[in-house]
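# Analysis of the macromolecular model
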Amino acid sequence: MSMNVGQTEDTTVADLMSKRVLSLRETDSIAHAHQVMLWSGSRHLPVVSSSGRIVGMVSDRDLLPFGSDPSLMPGQTPVTKVMTSDVITIDSHIPVSEASARMAAKKIDCLPVVEEGRLVGIVTAMDVLAERGRLIPTARARHMPIVADVMRRRAVAIGPEARLLDAVALLTESEIRHLPVVDTYKRVVGILSDRDIRAKVGDPLQALVDESPALALTVESVMTSNPITVRPSASVLEAADALLDDRIGAVPVVDEEDHLVGILSYVDLLAYLVGRGR
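Residues numbered from 1 in each chain as written. Predicted model: local features only at pLDDT ≥ 70, side-chain atom pairs only at ≥ 80, totals over all residues. Heavy atoms only, no water.

### Concerning the pairing of strand 7 (residues 178-182)
In terms of residue burial, strand 7 counts as a mostly covered element, since five of its five residues are buried. Of the pairings in the sheet, the one linking strand 7 to strand 8 (residues 188-193) comprises five bridges and is antiparallel in character. From the neighbouring strand, Val 182 faces strand 8, where its bridge partner is Val 188. Between strand 7 and strand 8, which pair antiparallel one after the other, the connecting turn spans five residues, and Lys 186 there sits at a positive phi close to 65°. (Buried < 20%, exposed > 50% of the residue type's maximum accessible area, 1.4 Å probe, protein only. Helix = DSSP H or I, 4+ residues; strand = E, 2+ residues; numbered from the N terminus. Pairing = 2+ DSSP bridges.)

### What about the layout of surface pockets?
What the largest pocket holds in volume is close to 1,100 Å³. Around the largest pocket, the lining comprises 34 residues; the ones closest to its centre are Arg 61, Lys 107, Ile 108, Glu 175 and Arg 177. For the lining of the largest pocket, the secondary structure elements donating two or more residues are strand 3 (54-59), helix 3 (60-63), strand 5 (110-115), strand 11 (260-265) and helix 11 (266-273). Quantified by volume, the second largest pocket comes out at close to 770 Å³. (1 Å grid on protein atoms, 1.4 Å probe; cavity = no way out; pocket = protein on both sides within 12 Å on 5 of 7 lines; lining within 4 Å. Points joined across faces, edges and corners; volume = space filled by probe spheres on them.)

### Topic: the nonpolar core
Core analysis: the biggest nonpolar cluster contains 32 residues, and Val 13, Val 123, Val 147 and Leu 264 have the highest contact counts within it. At the level of secondary structure, the elements contributing two or more residues to this core comprise helix 4 (96-106), strand 5, helix 5 (125-133), helix 6 (147-150), helix 10 (236-246), strand 10 (250-254) and helix 11. Non-local contacts of Val 147, meaning those with residues more than four positions away in its chain, are made with Val 230, Arg 231, Pro 232, Ala 234, Ser 235, Val 236, Ala 239, Val 253 and Leu 264. Ala 162, Leu 171, Leu 192 and Leu 215 belong to the second largest nonpolar core, which has 14 residues in total. (Core = buried A, V, L, I, M, F, W, Y, C linked by side-chain atoms within 4.5 Å. Contact = heavy atoms within 4.5 Å.)

### Topic: the confidence of the model for the chain
If pLDDT is low for a region, its predicted coordinates should not be looked at in detail. Of all residues in the chain, 80% have pLDDT values of 70 or greater, and the mean over the chain is 81. Low pLDDT, under 50, characterises residues 1-8; the stretch is placed with 24 contacts to residues that sit more than four places away or in other chains. (pLDDT = per-residue confidence, 0-100.)

### Looking at the sheet that holds strand 9 (residues 224-225)
Strand order in this open sheet of three strands is 7-8-9, and the pairing throughout is antiparallel. Only two strands of the sheet have a single neighbouring strand rather than two, namely strand 7 and strand 9. Taken strand by strand, helix 7 (residues 164-174) contacts strand 7 and strand 8, and its axis lies near 130° from that of strand 7. (Axes fitted to C-alpha atoms, helices over the stretch in contact; angles between N-to-C directions.)

Quick look at the structure:
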């Protein structure tokens, strides 16, 4: 089941994009990239050449695994070693519907905006979801989908007693950003995000290289307790409001006894809204 909304509206990427974009140079180090992300709260940093042309993209997910290799020195290794060179970009005049479709298809959460090859802005999935979300109520007359229609039923989870180091490995191996934390009865007691880990450990790259004692902390000591959750029967509109109001990337889906039954991310919602839902 899927729903495509907003095909007739005229909103373009230029209307939503952020024009003030933090970026990296090709000679900047991995450690520098991580510090910029921590300072700014950014999850993605374009890498640009001296002429202003985008040559790569670095995400917090790209940085996390490399700290496990002691031979890779974050302060001396340039971002070109970890960046994604095949960057998907978009022009500012393109409709938002096309931008959201590209993000959903590639399962990415930002697009650098270019004009004549030069970086001029960036648009994120949260930007697009907020804009698409305002159009959901127009579909009420046809059908208001529920969370069960969109959620992912196979949710990777972790226990509260697990080590933070194990959580880092699980996030990296599964290529996800959020881990529901469940007790022995599979009841959700918290959620752990890659951002939670960075806030607690600081620079996880250096922490791993230095074998920081912080990585021996338990998930319970770092996780967000009493997380926002949704029921499978909740409307997609309610779920979108929860994600946007609290600026969170995903919510665990639970039954009436708080047992984990799935997870819903903004990427899942975005895919649904542009007609790529399951």
